[in-house]
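Topology and contacts: notes
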Amino acid sequence: MKIILATGNKGKIDEFKKLLPNEEVFTFKEIIGDYEVEEDKDSFKGNAVKKAQEIYEKIGSKDAIVISDDSGITVPALNNEPGIYSARYAGTNATDKENNSKLISKLKEKNLKETEAYYTACIAIVYKGYTYTVHGWMYGKVIDKEIGENGFGYDPMFIPNGFDKTLGNLPYEVKKEFSHRSKALKLAKKVLDIIL
Ligand SMILES: O=P(O)(O)OP(=O)(O)OP(=O)(O)OC[C@H]1O[C@@H](n2cnc3c(O)ncnc32)[C@H](O)[C@@H]1O
Ligand SMILES: [Mg+2]
């Protein structure tokens, strides 16, 4: 099966390729080149649907299978920040490092060394003009420092429930077992089984 990922995030692309080892996975940039979808919706689902539909339209082939991912980390003790703004927490085009620094300073402002947090992923599939969405979550806590180099984004600050290390210090094989993206993709595969 040929799947086109409507994402520009290298960390996500690497994970999707590992989660779909038996499929032909392309990024939209390999097909239509650089293109930016404005993420102006107020939910993960809204933005995931927008990204997948806009890229599907741009590709212009009815039979294309386009998959997008809108995701982020939510910290209840920080009024649910950064949530859908995770990619631009420290400003437009902020790097992972800058976003992590902003989250660290917000935690320090509240004297929180660690606090409950969770990741959400909404995956949207567009095929034959129809759109399908699924969600996945991963629960744990964030700490006020970065530890480890594995993963991407907020992973060096996130300790999943049941572990005492950050995802920065855990191998991908562990994250893969219960990540928000893995869970959502498991459901997405079921949708594909039904619609294809
Ligand atoms: O929109 P696309 O092109 O897919 O790429 P993006 O990086 O902008 O992606 P989002 O808009 O969905 O924003 C997701 C943010 O949440 C972070 N994030 C999502 N999943 C993550 C994960 O598994 N581990 C660490 N950080 C994650 C990620 O680093 C981004 O800052
Ligand atoms: Mg984005």
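Cut-offs used in this document
Residues numbered from 1 in each chain as written. Chains lettered and ligands numbered in written order. Predicted model: local features only at pLDDT ≥ 70, side-chain atom pairs only at ≥ 80, totals over all residues. Heavy atoms only, no water. UniProt positions renumbered as here; feature names shortened; annotations may be inferred. Helix = DSSP H or I, 4+ residues; strand = E, 2+ residues; numbered from the N terminus. Buried < 20%, exposed > 50% of the residue type's maximum accessible area, 1.4 Å probe, protein only. Contact = heavy atoms within 4.5 Å. Polar contact = N/O pair within 3.5 Å; in protein donor to acceptor, adjacent residues only side chain to side chain. Patch = residues over 30% accessible without salt bridge, like charges linked within 9 Å, V, L, I, M, F, W, Y side chains within 5 Å. Areas by Shrake-Rupley, 256 points an atom, 1.4 Å probe, with all protein chains shown as cover. Salt bridge = Lys/Arg side-chain N within 4 Å of Asp/Glu carboxyl O. Lys, Arg positive; Asp, Glu negative; His and termini not counted. Charge placed at Lys NZ, Arg CZ, Asp CG, Glu CD.

An unreviewed UniProt entry lists the protein under the name dITP/XTP pyrophosphatase, from Halarcobacter mediterraneus.

Here we come to the UniProt feature "active site" (unreviewed entry) in the protein. Feature annotation in UniProt places "active site" (unreviewed entry) on Asp70, given in this structure's numbering. Position of Asp70 among the secondary structure elements: in strand β3 (residues 65-75). Asp70 gets classed as buried once you look at its relative accessible area, which sits at 3%. In contact with Asp70, not counting residues within four places along its chain, are Lys12, Glu39, Ser43, Phe44, Asn47, Ala48, Lys51, Thr120, Ala121 and Cys122. Separated by 2.8 Å, the side chains of Asp70 and Lys51 make a polar contact.

Looking now at a positive patch on the surface. Among the surface-exposed residues, Lys18, Lys176, Lys186, Lys189 and Lys190 lie close enough to one another that they form a single positively charged patch. Top contributing element to the positive patch by residue count: helix α6 (residues 180-195), with 3 residues. Take Lys18: it is sitting in helix α1 (residues 10-19).

In this section: the pattern of salt bridges. Inspection of every chain in the model, using the stated rule, returns 17 salt bridges. The partner of Asp69 in a salt bridge is Lys12, and the shortest N-O contact between them spans 3.0 Å. Of this pair, Asp69 sits in strand β3 while Lys12 is found in helix α1, placing the two residues 57 residues apart along the sequence. Across the pair, Lys12 and Asp69 agree in class, each one buried. Measuring nitrogen to oxygen at the nearest pair gives 2.6 Å for the salt bridge that ties Lys175 to Glu15. Placement of Lys175 in helix α5 (residues 172-178) and of Glu15 in helix α1 is noted, with a sequence separation of 160 residues between them. Connected through shared salt-bridge partners, Lys12, Glu15, Asp69, Asp155, Lys175 and Arg181 make up one network.

The next point concerns α1. Those residues of α1 that sit buried are Gly11, Lys12, Ile13, Glu15, Phe16 and Leu19. Between a side-chain oxygen at the N-terminus of α1 and the backbone nitrogen of Gly11 the separation is 2.8 Å; the capping residue is Asn9.

Looking at the secondary structure, you find Leu78 in the loop between β3 and β4 (81-82). Here Leu78 is in contact with Tyr89, Leu103, Lys106, Leu107, Lys110 and Leu112, once residues within four sequence places are set aside.

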